[in-house]
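Close look at the chain arrangement
This is what each chain is made of:
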Amino acid sequence: MRMGQAAAESDGGPAVGDVKGLALKQGMRGLAVFSEPGAYTWQRPEGCRNVYVRICGGGGGSGGVPATGSGQFSSSAGGGAGYAEKFIADVAGEVAVQVGQGGSAGSLGTGNGGDGGESRFGDYVSATGGTGSSKGYAVPFGQVSSAMESGKPGVGINGDLNLDGGFGVRTIAFTHNTGFEQGSGGVCAMFGGALQTLRGYKVNPGNGAIGRAQLNQNDSALAGYTGGHGCVMVYAF
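In this section: the overall build of the protein chain. When you go through the protein chain residue by residue, the secondary structure sums to one helix and 18 strands. Counting across all 237 residues of the protein chain, residues that qualify as buried make up 49%. Surface exposure of the protein chain reaches about 10200 Å², of which carbon and sulfur atoms provide 50%.

Set out below in structure tokens:
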């Protein structure tokens, strides 16, 4: 964690993260949420003077995993994005917003996961994306491949609060399709992580893709998963 200097009380600045206190003190003028990748322009609402921004980059994708032989499994996992919060006094009337895209899924069997994109709120504050993991490797049950690189975290930049994302964690399997620890994607501080449910794969903004794993021996190659897109939240006061 890296903590910057919080805004001065003379500027009406809150304690870091105290959006509720700021809303009670100054009155909230609106909330803008940018959660789809791309470029936007934020326009200051009427009567707004200050903003509080929460921002994260895109999470890294997980690599594809190869086919397995007898007594083998394979896995990979993406990195989490950076996160930042910043109080901005006397904000400009228009601010360019960039939302980073989540890292792409590694292609079937041999592709590395893509890196997540950077998110920005003008030149005020930004957060970089997590990196994608390398492709997975088939290894015997109970072992972890030293050749596979898990995704690395992004960082928050120029915030009053700057947090690194988490590293991707590799899956390890002990026996055929049972007794395994699912590799988690690196977590971003803004939201929860990524998970595989009965309803399918779900990844929250800024989080690295979970480890793609082929837990069956003598089975086919699999593509990786995509990382979560970035997000920019602008609270206007």
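Next comes the rest of the account.
Let us look at the sheet that holds strand β8 (residues 119–121). The strand order across the open sheet formed by five strands is β3-β7-β8-β9-β11, and the pairing between neighbours is antiparallel. Each edge of the open sheet is held by one strand with a lone partner, namely β3 (38–43) and β11 (156–157). Inspection of the sheet shows strand β7 (residues 94–99) paired to β8 by two bridges, in the antiparallel sense. Residue pairing across strands places Val97 opposite Phe121, the latter belonging to β8.

Even without being a glycine, Asp90 presents a positive backbone phi close to 50°. Given the relative accessible area of 51%, Asp90 is considered exposed. The phi dihedral of Asn158 is positive, around 70°, even though this residue is not glycine. For Asn158, the location among the structural elements is in the loop between β11 and β12 (161–163). Overall, the relative accessible area of 44% leaves Asn158 in the partly exposed class.

Here we take up a nonpolar patch on the surface. Judged by side-chain polarity, Met28, Leu31 and Val33 come together as a nonpolar surface patch covering roughly 260 Å² of accessible area. Among the secondary structure elements, Met28 is positioned in the loop between α1 (19–26) and β2 (30–34). The class for Met28 is partly exposed, based on a relative accessible area of 40%.

Another point: the nonpolar core. Counting residues in hydrophobic clusters, the biggest one holds 19 residues, and the most contacted among them are Phe34, Trp42, Val51, Val53, Phe121, Val232 and Val234. Taken together, the elements giving at least two residues each to this core come down to β2, β4 (51–56), β6 (83–88), β7, β9 (125–127) and β18 (231–236). Filtering out sequence-adjacent residues up to four positions away, Val51 remains in contact with Trp42, Lys86, Phe87, Ile88, Val91, Phe121, Val234, Tyr235, Ala236 and Phe237. By size, the runner-up hydrophobic cluster in this structure holds twelve residues, among which are Tyr52, Cys56, Cys188 and Tyr235.

Moving on to the packing of aromatic side chains. Going through the model one piece at a time under the given rule, you end up with three aromatic pairs. Seen from their ring centres, Phe34 and Tyr40 are 5.3 Å apart, and the 45° between their planes marks the pair as tilted. Among the residues examined, Tyr40 registers a relative accessible area of 29% and is labelled partly exposed. Measuring from centroid to centroid gives 5.8 Å for Trp42 and Phe121, while their planes differ by 65°, and the two rings are edge-to-face. On the criterion of sequence distance, the pair formed by Trp42 in strand β3 and Phe121 in strand β8 is long-range, its members being 79 residues apart. Taking relative accessible area as the criterion, Phe121 reaches 0% and is therefore assigned buried. Here a set of aromatic residues connected by ring pairs shows up, and it is made of Trp42, Phe121 and Tyr124.

Bringing the state of the cysteines into the picture now. Enumeration according to the criterion identifies zero disulfides in this entry. Of all cysteine sulfurs, the one in Cys56 lies closest to Cys188, which takes part in no disulfide; the gap is 4.1 Å. Of the residues examined, Cys188 reaches a relative accessible area of 1% and is grouped as buried.

Glancing now at the pattern of salt bridges. Following the criterion strictly, the structure yields five salt bridges and no others. Glu118 is the salt-bridge partner of Arg120, the closest N and O atoms lying 3.4 Å from each other. Take Arg120: its relative accessible area is 29%, and that puts it in the partly exposed class. A relative accessible area of 32% means that Glu118 is categorised as partly exposed. Of the charged contacts, one joins Lys152 and Glu149 as a salt bridge, the two residues approaching to 3.8 Å between their closest N and O atoms. Of the residues examined, Lys152 reaches a relative accessible area of 38% and is grouped as partly exposed. According to the relative accessible area criterion, Glu149 is partly exposed, its value standing at 48%. One network of salt bridges, with partners in common, ties together Glu118, Arg120 and Asp123.

Cut-offs used in this document
Residues numbered from 1 in each chain as written. Predicted model: local features only at pLDDT ≥ 70, side-chain atom pairs only at ≥ 80, totals over all residues. Heavy atoms only, no water. Helix = DSSP H or I, 4+ residues; strand = E, 2+ residues; numbered from the N terminus. Buried < 20%, exposed > 50% of the residue type's maximum accessible area, 1.4 Å probe, protein only. Areas by Shrake-Rupley, 256 points an atom, 1.4 Å probe, with all protein chains shown as cover. Pairing = 2+ DSSP bridges. Patch = residues over 30% accessible without salt bridge, like charges linked within 9 Å, V, L, I, M, F, W, Y side chains within 5 Å. Salt bridge = Lys/Arg side-chain N within 4 Å of Asp/Glu carboxyl O. Core = buried A, V, L, I, M, F, W, Y, C linked by side-chain atoms within 4.5 Å. Contact = heavy atoms within 4.5 Å. Phe/Tyr/Trp six-rings, centres within 6.5 Å; stacked < 30°, edge-to-face > 60°. Disulfide = S-S within 2.5 Å.

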